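For reference, the chains in residue letters:
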Amino acid sequence: MKNKAIFNICPDGEFFGRSMEIDYVFARGTEVQKHTPNIYLSGNRWMGKTEVLRRVHRKLFWGQASVVPVYYQFRGGQSVSAFAEDFIKETAKQYMAFMLRNPELARVEVSLDKLERLVEENAEETELPGIVRRHREAREARDLTAELRNAVGAPALLSLNSSAPVFLMLDDLDAADRITSPSDGPEAGGELAGALVSGNFSFIAASLTASSLTTGLVKGHIETLELTGLKEEEAVSMLLELSRQYHLETSSEVLVQAARKLGGNPMYLKNLIWAAHRAGRDIMDIRDLADLYSGELVAGNTGFALGGAIRLNGLNDLRVLHAACTAYGSTSEEELKDRFRYGHEELKDMLSSFATMALVTNTLGSIKWAGDGVMRDYIIYMYETRLKGKSPEEVKTRLVRDMLKESFSSRGEEVRGRFKEEVSQLVSTFDGNMAQKVFFDHPSFASKYKDGLLRAVEGGEAGDIRLPHVVGCFDARRLEVGEAGQPVFIAHGFQNDRYDAGNEVAWLICVKEAITPVNIGDVENFLRRAAFLRENFRSIRVIRWMVGMEGFTEEAARRLSKEGVYSTDTVQLGMLRGALNAAPGTKRKGGGAVLGQAKEFEIVLPGSSKSELVAARAAEEIGTEMGFDDNAIGQIRAALVEACINAFEHSRTKSSKVHLKFIADNDRLTINVQNGGSGPGARGLKRAIARAGRMPQKRGWGVELMKGLMDEVRFEELVEGTRIVLVKYLAGKRSGEV
Amino acid sequence: MTTGQRNYRELDDKVVLYPHNYINDIEGEKLEDMCEVFLGKGLKKFVIDFSDTEIINSIGISILIGIIERIRCAGGTILFSGLKKVNLDIFRIVGLTNVIQVHPTEVEAVDEMKRAGGGLLGK
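This write-up is about the structure you can find in this document. All figures in this text were calculated on a predicted structure; none of them were measured in a lab.

### Considerations on the overall build of chain A
Point 1. Along the backbone of chain A there are 28 helices and 22 strands.
Point 2. The proportion of buried residues among the 738 residues of chain A is 51%.
Point 3. Long-range contacts, defined here as pairs at least 24 residues apart, represent 70% of the contacts in chain A between residues at least 6 apart.
Point 4. In the form shown here, chain A has an accessible surface area of approximately 33,800 Å², with 49% of it arising from carbon and sulfur atoms.

Listed below in structure tokens is the structure:
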């Protein structure tokens, strides 16, 4: 029985993500002595606010003794008197249940008479008997204000006179605004807000919208915690796990599309899998997804839930809502009035009702859609069938068609973005290395490359070029407003291992990501733009480089060669990457001596406690073998532990693994630490600074330690994660001394 | 009188703590808890001897800083001893060596504490 939830929650096997939020709220709930701000938990419909609150309640009920958790879910349409009695009953039952460690007390339905007996029997020493008695007296005297104040004041009174204060958890707080009261009666929202900001107890309040009550609270000392959709990885994990439970075959690529389409909303995600299960249909391609999605929207659980949540008072509502959700950006009250010929008050009421349902926001007359994409599709479906007379099948077909087009376009975007990013990442690893010139000269490469092999370049070092140390890459758009053509980015750095004005260099890099090769038009466009762009770099050397995903036409390649512009296609790029990354032992630095073959070791660390010590142990073995002294090995181990902790901390999911690659070269040990997340790397990390004579800052030392212990530390943002590169040189072998 | 177990040693009004070979969040918190226990018992002179400690990570560092602050806040004194070279480097990087005395051995740290009495509030 221990650990059982007091309030209904979904089965653990169907609950995903949110562990960080639950842990955070739990920790904050128990920090009663620290006077931390209260929490306002906001989030769109079905994001899991209730589930989070109830799971935190369960954890607080069974896992600590410093606060008494009291959970209360508001119901709209109650009278003040009914709310007051309900609130007192819930508070009293849950207080006794916690104190007596008896969850059944919280679940039992009680009349006021029975509650009086219960508190007398079980909580005689507390304030509860007095609270319940005062409620009866106020009710008998028909004093609504006294009833309400006694009820909302109960948590404070219980907290002031107990060593364990109440931690109040209010769910659906926006419904508090819909507690009805006689025109001359007390206003429940105002009284509740007054009790909450009194500061005598801590609370968390969840609601769909920032209603007048929550707005009033937010102005006080309160922290807002927004519950958005599950992260893509979490949503895909959830879909995968549910598919496994229901024995469905799925394609992970399609599940990624599903996670995006459904905005990570847990309810939509569950409904999709249930729909697939009901239909006996696997989710293997985008057509499966589109069919299931449209079916869910038109006649499934999702459509049913949306129908209940989006309360429309007639077709006029539907017209305005459709206009709002299909408007580009936002629309305005004036525009809607002109378009639909509605009166000011009528429109105002409609918009207010939509805002309460979190479907639109109205900021000074600017109306913006606030619902999600699924809600938008639902409104469009309703509009097309009810107002335009289309059949459900017709609209469903349109939804499927749009989804297929959207998915195709989204995949195309990814491919396009990926290639440019690859080039940009490669440039950041140039690092002053030498590279064969043939990788930058497409005509020459084409003559030497055959059947996957590159014939030996004769002429030794004459066939090499020195790449710069790149200090930053940026898009050229800011410097060439209004220009059309392939994107150009600029890599700024230094050459010849010297960081002075004479060795400053800018590479203007044009990348063509298309299914056609670079043609003469592309080349002329780049040459013209490069001529303008180089005006920004008058005093420094400028290198022009064109990269074509599908290569170059003969004419384009000739022209580039004649102009002295570097030209590289995908094959050259791959070989260049291989030379720079995969085998640093073949890199030639300072003088260009060819070093011996590097040894590489790879380790994958699971996301478990102390797994970084496995990495440290490996570093010790490899470092010893390479001839590092004990102190250097200690430094490598400590830096590597930091890098691993950083990688785990910034992984997208808790279960993420960290991939390590040790590259043991003649003169250095390079360790790549890569996660599958969107870690902030060096930029996003809080960095601490040692201040002479003062106590150091407590947190944020990871990056400083790595930098202080290693010879080089780099942070590289990758498409699928972040890589930290740690380099330690063997003593006396730095800068290419062999 | 000397009493003790394997992870601490009481020497009259002083206590020497011997942390784990890897100080991370968990081990750091254990150390923090031990300090709290001894402060609760009225002991205010602490030596942390790191002779067995191979690695201290940044979270461990943050906890050690908290421990120093906590002990000083309670009017106590604290010294470090037995640091391996790499851990001394780490303490230098974060600036801890500017605010706390570090002695080569536990014996030297304890002697220094005896010699200075209550006058060891900083370096």
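### Quick look at the overall build of chain B
Point 1. Within chain B one finds four helices and eight strands.
Point 2. Overall, chain B shows an N-to-C arrangement of helices and strands of β-β-β-β-α-β-β-α-β-α-β-α.
Point 3. Sorting the 123 residues of chain B into buried and exposed places 59% on the buried side.
Point 4. Counting only contacts in chain B whose residues sit at least 6 apart along the sequence, the fraction spanning at least 24 positions is 67%.

### Section: the sheet that holds strand β3 (residues 166–171) of chain A
Residues and elements named next belong to chain A.
Point 1. The sheet built from five strands is open, its strands ordered β2-β3-β4-β1-β5 with parallel pairing. In this open sheet, the two edge strands, each paired with only one partner strand, are β2 (68–73) and β5 (222–227). With direction set aside, neighbouring strand axes in the sheet form an average angle of 15°.
Point 2. Of the strand pairs in this sheet, β3 and strand β4 (residues 202–207) are connected by four bridges, and their pairing is parallel. Residue pairing across strands places F167 opposite S202, the latter belonging to β4.

### Re the nonpolar core
Point 1. Counting residues in hydrophobic clusters, the biggest one holds 73 residues, and the most contacted among them are L640(A), L726(A), L17(B) and F91(B).
Point 2. With twelve residues, helix α26 (residues 630–649) of chain A is the largest single contributor of residues to this core.
Point 3. Ignoring any residue separated from it by four or fewer positions in sequence, one finds L17(B) in contact with N7(B), Y8(B), L31(B), M34(B), C35(B), F38(B), F46(B), V47(B), I48(B) and D49(B).
Point 4. Judged by nonpolar contacts, the second largest core, of 71 residues, contains F26(A), W62(A), M96(A) and A195(A).

### Observations concerning the interface of chain A and chain B
As a measure of interface size, the accessible area lost when the parts come together is often cited.
Point 1. Counting residues at the interface gives 28 residues for chain A and 27 residues for chain B.
Point 2. The junction of chain A with chain B conceals about 2,200 Å² of combined surface from both sides, 69% of it contributed by carbon and sulfur atoms.
Point 3. Scanning the region where chain A abuts chain B turns up one salt bridge.
Point 4. The partner of R637(A) in a salt bridge is E54(B), with the nearest N and O atoms 3.7 Å apart.
Point 5. At the boundary of chain A and chain B, one finds three residue pairs in polar contact (both at pLDDT 80 or more).
Point 6. Contributing elements (two or more residues each) for the side of chain A that touches chain B: α25 (612–626), α26 and α28 (702–709) of chain A.
Point 7. Considering each element in turn, the side of chain A that touches chain B owes the most residues, eight residues, to α26(A).

### Describing the packing of helix α3 (residues 80–99) of chain A against helix α6 (residues 128–140) of chain A
All names here are of chain A.
Point 1. Interhelical geometry of α3 versus α6 gives an angle of 165° and a closest axis separation of 11 Å. In this view, α3 runs roughly antiparallel relative to α6, as classed from their interaxial angle. Regarding α3 and α6, the two cross each other, and that crossing is left-handed. Residues S81, A84, E85, I88, A92, Y95 and M96 of α3 touch α6, and the partners they reach there are L128, I131, V132, H135 and R139.
Point 2. For the contact of α3 with α6, a count of residues per class yields eight nonpolar, two polar and two charged.

### What to know about the environment of M546(A)
Residues and elements named next belong to chain A.
Point 1. Following the sequence through the fold, M546 ends up in strand β16 (residues 541–548).
Point 2. Judged by its relative accessible area of 0%, M546 is buried.
Point 3. Put simply, M546 and T568 are 22 residues apart on the chain and 6.4 Å apart in space, counted from C-alpha to C-alpha.

### Observations concerning the sheet that holds strand β14 (residues 488–494) of chain A
All names here are of chain A.
Point 1. Ordered in space as β13-β14-β15-β16-β17, the five strands form an open sheet in which the pairing is mixed. The open sheet is flanked by β13 (469–475) and β17 (566–569), the only strands paired with a single partner. Pairwise comparison of adjacent strand axes, ignoring direction, gives a mean angle of 25° for this sheet.
Point 2. Bridging between strand β15 (residues 504–512) and β16 involves eight bridges; their strand directions are parallel. Bridged to A506 within β16 is V542.

### Comments concerning the packing of aromatic side chains
Residue and element names in this part refer to chain A.
Point 1. Per the counting criterion, the structure on display carries 22 aromatic pairs over all chains.
Point 2. Relative to F87, the ring of F83 lies with its centre 5.6 Å away and its plane at 40°, an arrangement referred to as tilted. Here F83 and its partner F87 are both found in helix α3, four residues apart, which amounts to about one turn of the helix.
Point 3. Measuring from ring centre to ring centre gives 6.1 Å for F430 and W545, while their planes differ by 40°; the resulting arrangement is tilted. Here W545 lies in strand β16 and F430 lies in the loop between α20 (392–428) and β9 (434–436), a separation of 115 residues in the sequence.
Point 4. Three or more aromatic residues link up through ring pairs in this structure, and these residues are F430, F440, W507, W545 and Y566.

### Here we look at the pairing of strand β2 (residues 8–11) of chain B
Residue and element names in this part refer to chain B.
Point 1. With four bridges connecting them, β2 and strand β3 (residues 14–17) associate as antiparallel partners. Paired with E10 across the two strands is V15, which belongs to β3.
Point 2. Where β2 folds back onto β3 in an antiparallel hairpin, the turn is made up of two residues, including D12, whose phi is positive at roughly 55°.

Calculation rules
Residues numbered from 1 in each chain as written. Chains lettered and ligands numbered in written order. Predicted model: local features only at pLDDT ≥ 70, side-chain atom pairs only at ≥ 80, totals over all residues. Heavy atoms only, no water. Helix = DSSP H or I, 4+ residues; strand = E, 2+ residues; numbered from the N terminus. Buried < 20%, exposed > 50% of the residue type's maximum accessible area, 1.4 Å probe, protein only. Contact = heavy atoms within 4.5 Å. Areas by Shrake-Rupley, 256 points an atom, 1.4 Å probe, with all protein chains shown as cover. Pairing = 2+ DSSP bridges. Axes fitted to C-alpha atoms, helices over the stretch in contact; angles between N-to-C directions. Core = buried A, V, L, I, M, F, W, Y, C linked by side-chain atoms within 4.5 Å. Buried area = accessible area lost by both parts, 1.4 Å probe. Salt bridge = Lys/Arg side-chain N within 4 Å of Asp/Glu carboxyl O. Polar contact = N/O pair within 3.5 Å; in protein donor to acceptor, adjacent residues only side chain to side chain. Parallel < 35°, antiparallel > 145°, perpendicular 65-115°, else oblique. Left-handed = near helix turned anticlockwise from the far one by under 90°. Nonpolar A, V, L, I, M, F, W, Y, C, P; charged D, E, K, R; others polar. Phe/Tyr/Trp six-rings, centres within 6.5 Å; stacked < 30°, edge-to-face > 60°.

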